[in-house]
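Next come the chains, spelled out residue by residue.
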Amino acid sequence: MNRLKGNIHSIETKDQLSLVKVEVKESILSTIIVNRPEELDYLRKGNEVYVLFKETEVVLGLPELTGISLQNRLLCKVIDLEKGALLCRVNLNHPSGQLVSIVTRRAVEELDIQAGSQIMAFIKTNEMMLSE
Amino acid sequence: MGEVRVRLKKSLSGASGLLKLDVAFNLPAGSFTILGGPSGAGKTSILRMIAGLLKPENGEIYVGEQCWYDSKKGIYLKAQKRLQGFVFQDYALFPQMTIAQNLEFAASASQNRAKLQERISQILEMMDLTSLLNRKASSLSGGQQQRVALARAIIRKPPLLLLDEPFAALDPEMRKKMQEYLLKLHREFKLTTLMVSHDQGESINLADTIMMLSEGKIVNQGSPEEVFAHSNLSGKFRFTGEVLSIQASDVVFVVSILVGKNMVKVIVDKNEIDQLSPGDHVMLVSKAFNPIIKKIS
Amino acid sequence: MIDWQPIFLTLKLAGITSLFLLIIGIPLAYWMAYTRNRIKPVLEALIAMPLVLPPTVLGFYLLVLFSKDSPIGQWLDEYLELSLIFSFEGLVLASMIYSLPFMVQPLMAGFSSVPNRIREAARVLGKSSLATLIRVLLPMIRPSIITATILSFAHTMGEFGVVLMIGGSISGETKVASIAIYEQVEKPDYPAAHSYSLILISIAFAILFLVYYINGRKSYNRWEKLG
């Protein structure tokens, strides 16, 4: 599980859903959760929270990629890669912390990702969880 | 043996001012209950009141048919008169005695000598203490001392075993071992057990019921699953299960988990795999967005 | 050739005093170490008084108290046919009061050094206070018992003022070594005074050496690591 620390930047609520924006270093991540602020006591503007997401939910793209719906973008530097037969585990460094992406080996080869490359990590808004 | 019924009230002056302790609970015969909660909540005081080491203001303590304390009837048995096992965090062995002498001293005068020797050897064997029999208590390691303390506590066949954070002073590895010893004893002798513990993993591994105490009141009570599922994680899709196996697959791991009667498989990254081993109780969490629903009929 | 009787009398007095003190000192120190009674500091102060008062004050009041002119002295004389002044029995009683702190204080320190948990552990195992005292506490504080007994013995050997006040110098009854030395100096017979003094010095050194040797080997705080 990837885990980044940040502070709640804003909360928008509609019916059962809340869109929570969390400010991490050099980026703002948004997550959508099935909770209203009054149900989760740490859901307050400015509170320190962790944003959690699974390694397998991190999409990798080239930094200059445009025209995509994914809101959560973290410009990272590749630390190293562990290539398996089918999958590849990519260790990434972002100013707010380290994270891991698990993508297919083929994708890594097509994008020519190597240690030291700059890469954009994308995470879907609904794949992110919050924790105190 | 029978159910243990406890109702206690007492005002205690603690580090953070006055604490009004007010609890009522039943321990079914043969059950294993863990009393958890933050320090200063009154956990140890409850245990000490049941043991007769601290006098409540009012309430009652019944162990089966036997009354240990009833403020209405004016009954208060001294600690010496309560047939109980008590294990302290700091072992409290009698240091100048050998292990054998500690156990023999603990036996009550009315116990049949031959049967007592049989029981002592049975317990010593279960606890792997036979080889330490003639060692002085003060020469043993922490884990060994606590094993002796456990053995000493049950020599008299008490209907109720009380443990006050017994493994808190031990390192994690030793703690896990001690939990196994305790479970073994509990299965063998079916003692009604009440244990104070801070450790969530310990609680999940040992208890069939957990009572969470806060500021002198029981604020949450139930099975470990029920109590700990109220976690502060925002994920909506939650189950508890037991890890059956872990298999490395390519660069990731496949963890098989038994949830209820079904086995599920989850992909886990190697960063988290160190903390998992087969037999662990775990919680499965996912977001409400992920599951797909398919009607069965 | 010196008269050995004062030396033997000194050892006899110190021995009997230490034994009696041990018998009353253990229950007293036990009670004092664990009680929460408000009179505890009063008793502690009383027991420690002989440490600070000149021995002559103690001797003087005992003399007044036990003389045939006082009601207590009269009663003792009439009913028990016991005279506590100018007698060996009187010396024993006076020495017990005089050496009381040397017995009680190390014993109290010993009892207090036993973690509370140990006594609680015995209670939850159903053991009475007496069984706990005999089987658990006394064996645990054995170094303190040895220290207390030897210190009481040594301190009684060295007393002078109290003995002088209520014992006088009756040969074989109250004439202990310290009194004998005083008399030899008064005479003056310095060689005899030297002999008694050197014997006392040797015995005192031997005893104190024993205390430190035993305590060096078996430290009080042996139990501390058990918490």
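**Some points on the sheet that holds strand 10 (residues 209-214) of chain B**
Residue and element names in this part refer to chain B.
Next, step 1: Spatially, 7-8-9-3-10-11 is the arrangement adopted by the six strands of the open sheet, whose pairing is mixed. Two strands close off the open sheet at either side, each with one partner strand: strand 7 (84-87) and strand 11 (217-222). Strand after strand, the sheet turns through a mean of 15° between neighbouring axes, direction not considered.
Next, step 2: The sheet contact formed by strand 3 (residues 32-36) and strand 10 spans four bridges and is parallel. Bridging from a neighbouring strand, Thr33 pairs with Thr209 of strand 10.
Next, step 3: In this fold helix 1 (residues 43-51) packs onto strand 3, strand 7, strand 8 (160-164), strand 9 (192-196) and strand 10, with an angle of close to 145° to the strand it touches most, strand 8.
Next, step 4: Running over the sheet, helix 4 (residues 142-154) touches strand 7 and strand 8 and is turned about 165° from strand 7.

**Describing the packing of aromatic side chains**
Ring pairs (aromatic) are described by centroid distance and by the angle formed between their planes.
All names here are of chain C.
Next, step 1: Tallied over the entire structure, the rule returns 12 aromatic pairs over all chains.
Next, step 2: Aromatic pair Tyr34 and Phe111: ring centres 5.9 Å apart, planes at 65°, arrangement edge-to-face. With Tyr34 in helix 1 (residues 5-34) and Phe111 in helix 5 (residues 88-113), this pair connects stretches of sequence that are 77 residues apart.
Next, step 3: Assessed through its relative accessible area of 19%, Tyr34 is described here as buried.
Next, step 4: For the pair Trp75 and Tyr79, a centre-to-centre distance of 5.7 Å together with 35° between the ring planes defines the contact as tilted.

**Structural notes on the packing of helix 3 (residues 113-126) of chain B against helix 5 (residues 172-189) of chain B**
Residue and element names in this part refer to chain B.
Next, step 1: Where helix 3 contacts helix 5, the two axes come as close as 10 Å, and the packing angle between them is 140°. Between helix 3 and helix 5, the crossing angle belongs to the class labelled oblique. The segment helix 3 lies against helix 5, with Arg119, Gln122, Ile123 and Met126 engaging Tyr181, Lys184, Leu185, Glu188 and Phe189.
Next, step 2: Considered class by class, the residues forming the contact of helix 3 with helix 5 number five nonpolar, one polar and three charged.

**Let's talk about the sheet that holds strand 12 (residues 237-249) of chain B**
Residue and element names in this part refer to chain B.
Next, step 1: One open sheet accounts for four strands, arranged 14-13-12-15; its pairing is antiparallel. Every other strand in the sheet has two partners, leaving strand 14 (262-268) and strand 15 (281-286) as the edge strands with one partner each. Strand-to-strand, the axes of this sheet are offset by a mean angle of 50°, without reference to chain direction.
Next, step 2: Sheet topology places strand 13 (residues 252-259) next to strand 14; seven bridges connect them, and they run antiparallel. Note on strand 14: the bridge partner recorded for Ser256 is Lys265.

**Focus: the confidence of the model for chain C**
Residues and elements named next belong to chain C.
Next, step 1: Here chain C shows a mean pLDDT of 88. Residues at 70 or above account for 95%.
Next, step 2: In this model, residues 219-227 is a region of pLDDT below 50 whose contacts with residues beyond four sequence positions or in other chains number 17 contacts.
Next, step 3: In the predicted complex, the global pTM is 0.68; the interface-specific ipTM is 0.77.

**As for the pairing of strand 1 (residues 2-14) of chain A**
All names here are of chain A.
Next, step 1: The pairing of strand 1 with strand 4 (residues 48-53) spans six bridges and is classified as antiparallel. Looking at the pairing, Lys5 lines up with Tyr50 of strand 4.
Next, step 2: Here strand 1 folds back onto strand 2 (residues 17-24), and the loop between the two strands holds two residues, one of which, Asp15, carries a positive phi near 55°.

Rules used in this analysis
- Residues numbered from 1 in each chain as written.
- Chains lettered and ligands numbered in written order.
- Predicted model: local features only at pLDDT ≥ 70, side-chain atom pairs only at ≥ 80, totals over all residues.
- Heavy atoms only, no water.
- Pairing = 2+ DSSP bridges.
- Helix = DSSP H or I, 4+ residues; strand = E, 2+ residues; numbered from the N terminus.
- Axes fitted to C-alpha atoms, helices over the stretch in contact; angles between N-to-C directions.
- Contact = heavy atoms within 4.5 Å.
- Phe/Tyr/Trp six-rings, centres within 6.5 Å; stacked < 30°, edge-to-face > 60°.
- Buried < 20%, exposed > 50% of the residue type's maximum accessible area, 1.4 Å probe, protein only.
- Parallel < 35°, antiparallel > 145°, perpendicular 65-115°, else oblique.
- Nonpolar A, V, L, I, M, F, W, Y, C, P; charged D, E, K, R; others polar.
- pLDDT = per-residue confidence, 0-100.

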